Amino acid sequence: MSPKSKVSTTDFDELMTRRALELATLGIGQVSPGPLVGTVIVDARGEIVGEGFYLYDQKKHAETLALEQAGERARGGTAYVSLEPHAHQGRTPPCTEALIKAGIKRVVAPVEDPNPKVSGRGFAHLRDAGIEVCADLLAEEGARLNETYIHYLRTGRPFVHLKLAVSLDGKIATRSGDSRWITGEAARARVHELRHQYDAIMVGGGTVRADDPLLTDRSGRKRQRPLMRVVIDQCLRMSADSQLAQTTDQAPVAVFTRAESATAAVSELQSRGVEVISGKANLVDVLTELGGRSIQSVLVEGGATLAGFLVDAGLVNKISFFIAPMIIGGDDAPSAIGGAGAEKIAEALQLENIHVQQYGRDIEVTGYPKSKDER
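Since we're looking at a predicted model, the values are computed, not measured.

Some points on the overall build of the protein
Then, number 1: The secondary structure content of the protein amounts to twelve helices and 14 strands.
Then, number 2: Its C-alpha atoms give the protein a radius of gyration of 23 Å, within 12% of the compact-globule value 21 Å for 375 residues.
Then, number 3: On the principal axes, the C-alpha backbone points of the protein span a range of 65 × 45 × 40 Å.
Then, number 4: Split into buried and exposed, the 375 residues of the protein put 48% on the buried side.
Then, number 5: In the protein, of all internal contacts separated by at least 6 residues, the share reaching a separation of at least 24 is 72%.

What follows is the structure, given as structure tokens:
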């Protein structure tokens, strides 16, 4: 494949970097706890001669796969990598060493890897070997691609994405608690795509009692690790006959509660294979515990009480609302977000970097909370 001769070097670099980012997405659901990485090798004549993307189960990284495909044509060429190549011996040999040995003369990578074992060292190793390094092209896109990995490495806690399905008037159920289904099939299929991208899914105990959900990834796509199902149930009223408790052989279930560990309710859930973690219903503690288990990302699907606690605590990193063209009405019908909320409009949580997409009759609105300093 040859690039158009009229495309400038800068434009071609961007084109190839976007291709590396695109390749990286082929690893979604199959890299955690590692990052998404894609690589394109372009030879000295400007032709693509190798491509690769990372999967956790593979013994080779994206750079190595692309270099093997390129062979001798990599010599004197450029490597476009979606994340800084690593220079240390981990599960695989150093990628920087492979690039150097292959005779690569230039490396373009959008962002530095925040992993302390990598951060800046990969770029430094390449520069010390005389390789030209461009480390800022499409930096925002590169960081967004690995937003869960970067957040986890920097904080030790999983990236939290709050997802809710609502009516036009902001209701998540009728006054009787009926919520199936507010959104249509296309939007629900999109939700399973989201579940596929995350390590864990979290709901409150009230949602489990009201809806008895399965909370599984039914995208049909391969996963590197099973989707962990997490329930925040302070009083531990989750039934051992719930679908969650009955399906622990399909995917793990962990319940965080304030309840004492030595109770009949705990024993009954444990007999079903449910892990009960007592004394850790504080959400910061919960996220810290999950981070300690290498859970990089959590998709929160309600309900209103849990959503309110997370928003009030400033623990939400991303928000998606799936809005259906219906009006539920009623003072007693639950709204999407509980908690204390804002006292003044100026204190309301504002979103930025908004993305809007239609799925059938429904609309997805996704954005990122502004920091308090930006409001």
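Some words on the pattern of salt bridges
Then, number 1: Within this structure, the stated rule accounts for 24 salt bridges.
Then, number 2: Between Glu 47 and Arg 45 there is a salt bridge, and its shortest N-O distance comes to 3.7 Å.
Then, number 3: Arg 73 serves as the salt-bridge partner of Glu 47, at 2.8 Å between the closest nitrogen and oxygen. Pair noted here: Glu 47 is in the loop between strand E1 (38–42) and strand E2 (48–53) and Arg 73 is in the loop between helix H2 (62–70) and strand E3 (78–81), with a separation of 26 residues, a long-range link.
Then, number 4: By relative accessible area, which is 22% here, Glu 47 ends up partly exposed.

Remarks on the nonpolar core
Then, number 1: Counting 40 residues, the largest nonpolar core has Val 40, Ile 41, Tyr 80 and Ile 104 as its most contacted members.
Then, number 2: Breaking this core down by element, the ones donating at least two residues are helix H1 (9–24), E1, E2, H2, E3, strand E4 (106–108), helix H4 (121–128) and helix H6 (147–155).
Then, number 3: In terms of residue count, H1 provides more of this core than any other element does, six residues in total.
Then, number 4: Contacts of Tyr 80, omitting those with residues within four sequence positions, involve Phe 12, Asp 13, Met 16, Thr 17, Ala 20, Gly 38, Thr 39, Val 40, Val 42, Arg 106 and Val 108.

Structural notes on H2
Then, number 1: Inspection of H2 places Ala 62, Glu 63, Ala 66, Leu 67 and Ala 70 among the buried residues, and these make up the whole buried set. Down the axis of H2, the smallest arc covering the buried residues is 125°, so these residues share one side.
Then, number 2: Taken from the residues just after H2, Gly 71 is the one with a positive phi, measuring 60°.

Cut-offs and rules
Each chain has its residues counted from 1, running along the sequence as written. Predicted model: local features are reported for residues with pLDDT of at least 70 only, side-chain atom pairs are reported and counted for 80 or more only, and whole-chain, interface and lining totals are derived from all residues. Remark: hydrogens and water are excluded; side-chain values derive from all non-hydrogen atoms of the structure. Runs of H or I in DSSP of at least four residues are treated as helices and runs of E of at least two as strands, each being numbered from the N terminus. We compute the radius of gyration from the C-alpha atoms alone; for a globule the expected value is 2.2 Å times N to the 0.38, where N is the number of residues. Exposure categories follow from relative accessible area, calculated using a 1.4 Å probe and restricted to protein chains: below 20% of the type maximum is buried, above 50% is exposed, and the middle band is partly exposed. It only takes one pair of heavy atoms within 4.5 Å for two residues to be counted as in contact. Only one rule defines a salt bridge in this text: a Lys or Arg side-chain nitrogen within 4 Å of an Asp or Glu carboxyl oxygen. Take the buried Ala, Val, Leu, Ile, Met, Phe, Trp, Tyr and Cys residues and link them wherever side-chain atoms come within 4.5 Å; each set so joined is a nonpolar core. Starting at the helix axis, one direction is taken to each C-beta atom, and the arc is that of these directions.

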